[in-house]
Amino acid sequence: MKKIIIANWKMHKLRKEAVDFVENLSAQKEVDIAIIPSFLALRDLKNAAPKEIAIGSQNMSEHSHGAFTGEISASMLKDVGADFVMLGHSERRKIFLESNDVITKKVERAVVENMPFVLCVGETLDERELGETKEVISVMLDALSALIGSHWDLVTIAYEPVWAIGSGKVATPDIISEVHNYIREKLLEFTPEKGEGIRILYGGSVKSDNIAEILSIDNVDGALVGGASLDPLSFNQLINEVSI
Ligand code: PGA
């Protein structure tokens, strides 16, 4: 399966910075590249980026439209050119208190709207130390129950251990391998036919000096990169590591 590197810019970069970044980024044959900017830079970035680079949104409302002040719908995202949406990032879960129930509704909305999505899952340090990692991930993956029977082509999973995000602590290859194999098993339970073809990305302190090792692990089909995706030089370096 072709690997994908997704840059999650979080609350960084004004429109001009986003456009300057992408103008210095060349699409690669060996690896797919996607960028998730702020909502407000989506349109400019989509217009400036080579068409091979997918542009995603960091969040989306579970509602189609209506009296939901401050929210952004799937059709609004499509209207500005978003190719996909990221759902359930740990910062949404932890800081903005998005529950599994809400994230499940967002997954259902994405399915109804035919919007490709990356579902983020991962355990906290406490949950890992209590031996609850697989249980926590299994419950988060239950958000996919709505998909049974159809739409699996919309799905990408990102395993992001919360303790590894922005902390400089990368999960060990053993941990990554164990969790990714577990996620693959669960996907195959959901869909024996499509489960093998769904990408499972790793995220959490991925940098140019660890990306090659991480991507060499079985069932790791790409990476979701935060901090190291902000500087064009370090992101280009990281992409080059994958393309070697
Ligand atoms: P990080 O963030 O690469 O800075 O750890 C990853 C993420 O939050 O997606």
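Heads up: the structure comes first, above all this text.
Residues numbered from 1 in each chain as written. Predicted model: local features only at pLDDT ≥ 70, side-chain atom pairs only at ≥ 80, totals over all residues. Heavy atoms only, no water.

*Asks:* I'm lost on the packing of aromatic side chains in this one. Help?
*Replies:* Considering all chains together, one arrives at four aromatic pairs under this definition. Ring plane angle 40° and centroid distance 5.9 Å describe the contact between F21 and F235, whose orientation is recorded as tilted. Remark: F235 occurs in helix α10 (residues 232-243) and F21 occurs in helix α1 (residues 15-23); sequence separation between them is 214 residues. Assigned by exposure class, F21 and F235 land together as buried. Among the aromatic residues, those joined into a cluster by ring pairs are W9, F21 and F235. The ring of F96 is capped by R92, whose NZ or CZ atom sits 4.1 Å from the centre of that ring. (Phe/Tyr/Trp six-rings, centres within 6.5 Å; stacked < 30°, edge-to-face > 60°. Helix = DSSP H or I, 4+ residues; strand = E, 2+ residues; numbered from the N terminus. Buried < 20%, exposed > 50% of the residue type's maximum accessible area, 1.4 Å probe, protein only. Lys NZ or Arg CZ within 6 Å of the ring centre and 35° of its normal.)

*Asks:* Help me understand the nonpolar core in this model?
*Replies:* As a rule of thumb, nonpolar side chains are buried together in soluble globular proteins. With 68 residues, the main nonpolar core has I5, I35, F117, L144, I157 and I183 as its most contacted residues. Setting aside its immediate chain neighbours within four residues, F117 contacts V85, L87, V107, A110, V111, L144, L147, L154, V155 and T156. Core analysis: the next-biggest nonpolar cluster, separate from the first, contains 11 residues, I4, F84, M86 and V118 among them. (Core = buried A, V, L, I, M, F, W, Y, C linked by side-chain atoms within 4.5 Å. Contact = heavy atoms within 4.5 Å.)

*Asks:* Whenever I open this one, the pattern of salt bridges confuses me. Can you help?
*Replies:* Side chains that differ in charge, positive against negative, can pair when their charged atoms come close. As enumerated under the stated definition, the model contains 16 salt bridges in all. With its nearest N and O atoms 3.0 Å apart, the salt bridge here joins R92 to E98. On the basis of relative accessible area, R92 is assigned to the partly exposed category, the value being 23%. When the shortest N-O distance is used, the salt bridge between D153 and K194 registers 3.4 Å. Of this pair, D153 sits in the loop between α7 (133-141) and β6 (155-159) while K194 sits in the loop between α8 (173-190) and β7 (199-203), and the two are 41 residues apart along the sequence. (Salt bridge = Lys/Arg side-chain N within 4 Å of Asp/Glu carboxyl O.)

*Asks:* Help me understand the site of the ligand, please; the structure alone is not making it clear to me.
*Replies:* Around the ligand, a shell composed of 13 residues is seen, among which K10, H89, E160, G166 and S205 lie nearest. One of the side-chain N or O atoms of N8 is found 3.4 Å from an oxygen atom in the ligand. In this structure, E160 approaches the ligand through a side-chain N or O atom, which is 2.7 Å from an oxygen atom. Broken down by class, the residue content of the shell around the ligand amounts to four nonpolar, seven polar and two charged. (Near = heavy atom within 4 Å. Polar contact = N/O pair within 3.5 Å; in protein donor to acceptor, adjacent residues only side chain to side chain. Nonpolar A, V, L, I, M, F, W, Y, C, P; charged D, E, K, R; others polar.)

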